[in-house]
Amino acid sequence: MADKKIIAVVGATGAQGGGLVRAILEDPSGGFAPRAITRDANSDKAKELAKLGAEVVVADVDDADGLKRAFRGAHGAYCVTFYWAHMKPEKEVAEAVLMARAAKDAGLQHVIWSTLEDTRRWVPLSDDRMPTLMAKYKVPHFDAKGESDHVFSDMGVPTTFLLTSFYWDNLIHFGMGPKEGPEGKLAFTLPMADKKLPGIAAEDIGRCAYGVFKRGGDSVGETVGIAGEHLTGAQMAASLTRALGREVRYNAVTPETYRSFGFPGADDLGNMFQFKRDFESVFCGARSLEVSRALNPKLQSFDTWLAANARRIPLD
Ligand SMILES: NC(=O)c1ccc[n+]([C@@H]2O[C@H](COP(=O)([O-])OP(=O)(O)OC[C@H]3O[C@@H](n4cnc5c(N)ncnc54)[C@H](OP(=O)(O)O)[C@@H]3O)[C@@H](O)[C@H]2O)c1
C-alpha cells in the first residue's frame, strides 16, 4: 500500500465513487489504492468497501478541516457533489470550493471533478424557451456543477473535468423506468422527441474515472465526456421490450408536460431533457463512446446493462 498512489474518493459509498473504489481494487497491480470517504464508517456500504480492501476514512464534504485531513497524503481525489440529497445548487458550489481548497492544501497531483454543462452558456436566463428556476438557473443541478469548474482551475488544482451521463440505473432507483398504463401496456416516458440521450451504467463512471487516473498528467486541464451509448427513446424502448419480454412503447411527451409531473425536481429534469434534446449534437458530441471505451474496456451497452439489471426495474 505504501508504494501505491492513494486516490481519495468522495461519495465512495455511492454510485460514482463506489464504481471508482471497486475499479481500483479490481486492479491490484495498477499502482493505485482507494481511500473511501464516508460520513459513517459503520454503514453496511462502508463496511463492504473495507471488506473489499479499501481504506475507509470519515469526512463530510461540508467540513473543511475533515476534508483536508481526508485528502492529506493522497496522490489524487475524485470530487463529486450530491444534488439530489438537498436540491440546493449553492450548496454544490460551496462544496466544490471546499474540495478544491482541500486538494490544494494537500498538494494533490490529480483531481477529477465530476461535472456537467452550465446550460446557461447555451440558454441564457433571458431565453424563455425554458423557465428560469430558482431565480438564476436553467438546469440547477447542471449549472451549479459547470459554474464550479473554474474554482478548481483558479486555485491551480491539477484537474480533469469529467462530464458524466444519464445513469441507466435511474430506471431502477429514480422511478424513470417503463410504467404500466390503464390497459396494462408498458410506456417509457422521456421528453426527448427523436433525439439521442447519452446514457451509461453508473458503475462504468467510476471505471472510466479510473482510466483517467491511469492516464495521469496527460488529462489534466482536459474535459473528458463519457457515455456507454447514445440512444433515442424509441431505441431504449425497443431494448426494454427485448429485455423484459413485454412490449414497451416510447411515450414522447413534451418538456412542458414533463415539468408538470409534479415530483420534486420535475422542472429541473424537464429543462435538462429539453437541453439535451435541443442541443443534441453539442451534448452527444461532448461524450465520445470511443474515448469512454478506451478509458474503460469493460464499458457496457444498454443491452448488456439490461441483461443484468432489467429484472430490478420496478414497472408499477
Ligand atoms: N442520476 C444521474 O443520472 C446522474 C447523472 C450524472 C450526474 N449525476 C450527479 O451525480 C451526483 C451524485 O453522485 P452519485 O450518484 O454517485 O451519488 P449517490 O449514489 O447518491 O451517493 C452519494 C454518496 O455520497 C455520500 N455523501 C452524501 N452527502 C455527503 C456529504 N455531505 N459528505 C460526504 N459524503 C456525502 C453518501 O455516503 P455516506 O452516507 O456514506 O457518507 C452517499 O453514499 C449528483 O450531484 C447528480 O447530479 C447524476
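We now turn to the structure provided with this report. All values reported here derive from a predicted model rather than from experimental measurement.

About the criteria used
Residues numbered from 1 in each chain as written. Predicted model: local features only at pLDDT ≥ 70, side-chain atom pairs only at ≥ 80, totals over all residues. Heavy atoms only, no water. Pairing = 2+ DSSP bridges. Helix = DSSP H or I, 4+ residues; strand = E, 2+ residues; numbered from the N terminus. Buried < 20%, exposed > 50% of the residue type's maximum accessible area, 1.4 Å probe, protein only. Contact = heavy atoms within 4.5 Å. Salt bridge = Lys/Arg side-chain N within 4 Å of Asp/Glu carboxyl O. Near = heavy atom within 4 Å. Polar contact = N/O pair within 3.5 Å; in protein donor to acceptor, adjacent residues only side chain to side chain. Areas by Shrake-Rupley, 256 points an atom, 1.4 Å probe, with all protein chains shown as cover. Nonpolar A, V, L, I, M, F, W, Y, C, P; charged D, E, K, R; others polar. Right-handed = clockwise from strand over helix to strand, strands pointing away.

### Things to note about the sheet that holds strand β8 (residues 179–180)
Phase 1: Reading across from one edge, β8-β9-β13 is the order of the three strands in this open sheet, with mixed pairing throughout. The open sheet has two edge strands, β8 and β13 (248–252), and neither has a second partner.
Phase 2: Here two bridges tie β8 to strand β9 (residues 186–190), and the two strands are oriented antiparallel to one another. Bridging across to β9, E180 finds its partner in L186.

### Focus: the environment of P297
Phase 1: Note that P297 resides in the loop between α14 (289–295) and α15 (302–309).
Phase 2: We classify P297 as exposed; its relative accessible area is 74%.
Phase 3: Spatially, the C-alpha atoms of P297 and C208 are 8.8 Å apart, while their sequence positions differ by 89 residues.

### Observations regarding the environment of V97
Phase 1: Considering the arrangement of structural elements, one finds V97 in helix α5 (residues 89–105).
Phase 2: Between the C-alpha atom of V97 and that of S148, which follows or precedes it by 51 residues, the distance is 7.7 Å.
Phase 3: The residues touching V97, leaving out its near neighbours within four places in the chain, are V151 and M155.

### Focus: unusual backbone geometry
Phase 1: Phi is positive for M87, which is not a glycine, with a value near 60°.
Phase 2: In this structure, M87 sits in the loop between α4 (83–86) and α5.
Phase 3: Within the chain, A135 stands out as a residue other than glycine whose phi angle is a positive 70°.
Phase 4: Tracing the sequence through the fold places A135 in the loop between β5 (110–115) and α6 (140–147).

### Observations concerning the pattern of salt bridges
Phase 1: Applying the stated rule across the entire model yields 20 salt bridges.
Phase 2: One salt bridge in this structure joins E256 and R259, with 3.5 Å as the shortest N-O distance. With E256 and R259 both in helix α11 (residues 255–259) and three residues apart, the pair spans about one turn of that helix.
Phase 3: Classification of E256 by relative accessible area gives partly exposed; the value is 45%.

### Topic: the site of the ligand
Phase 1: Residues in close proximity to the ligand total 25 residues, the closest being T13, T38, T81, Y167 and N170.
Phase 2: Within the backbone of Q16, one N or O atom sits 2.8 Å away from an oxygen atom of the ligand.
Phase 3: In the model, an oxygen atom of the ligand is placed 2.8 Å from a nitrogen or oxygen of the N170 side chain.
Phase 4: Relative to its free-state accessible area of 940 Å², the ligand is covered by the protein chains to the extent of 81%.
Phase 5: Those elements that provide at least two residues to the shell around the ligand are α1 (15–25), α4, α6 and β7 (166–167).
Phase 6: Tallied by class, the residues present in the shell around the ligand amount to 10 nonpolar, 10 polar and five charged.

### Thoughts on the pairing of strand β1 (residues 5–9)
Phase 1: Counting buried positions along β1 gives four out of five residues, so the element sits mostly inside the fold.
Phase 2: Direction of pairing for β1 relative to strand β2 (residues 32–38): parallel, over a ladder of five bridges. Directly across from V9, in β2, lies its bridge partner A36.
Phase 3: As for the winding sense of the linkage, the β-α-β connection from β1 through α1 to β2 is right-handed.
Phase 4: Two strands pair when backbone bridges link them, and β1 and strand β4 (residues 76–79) are joined in this way by three bridges, in the parallel orientation. Residue pairing for β4: I7 is matched across the bridge by G76.

Any functional reading would require information that these geometric values do not contain.
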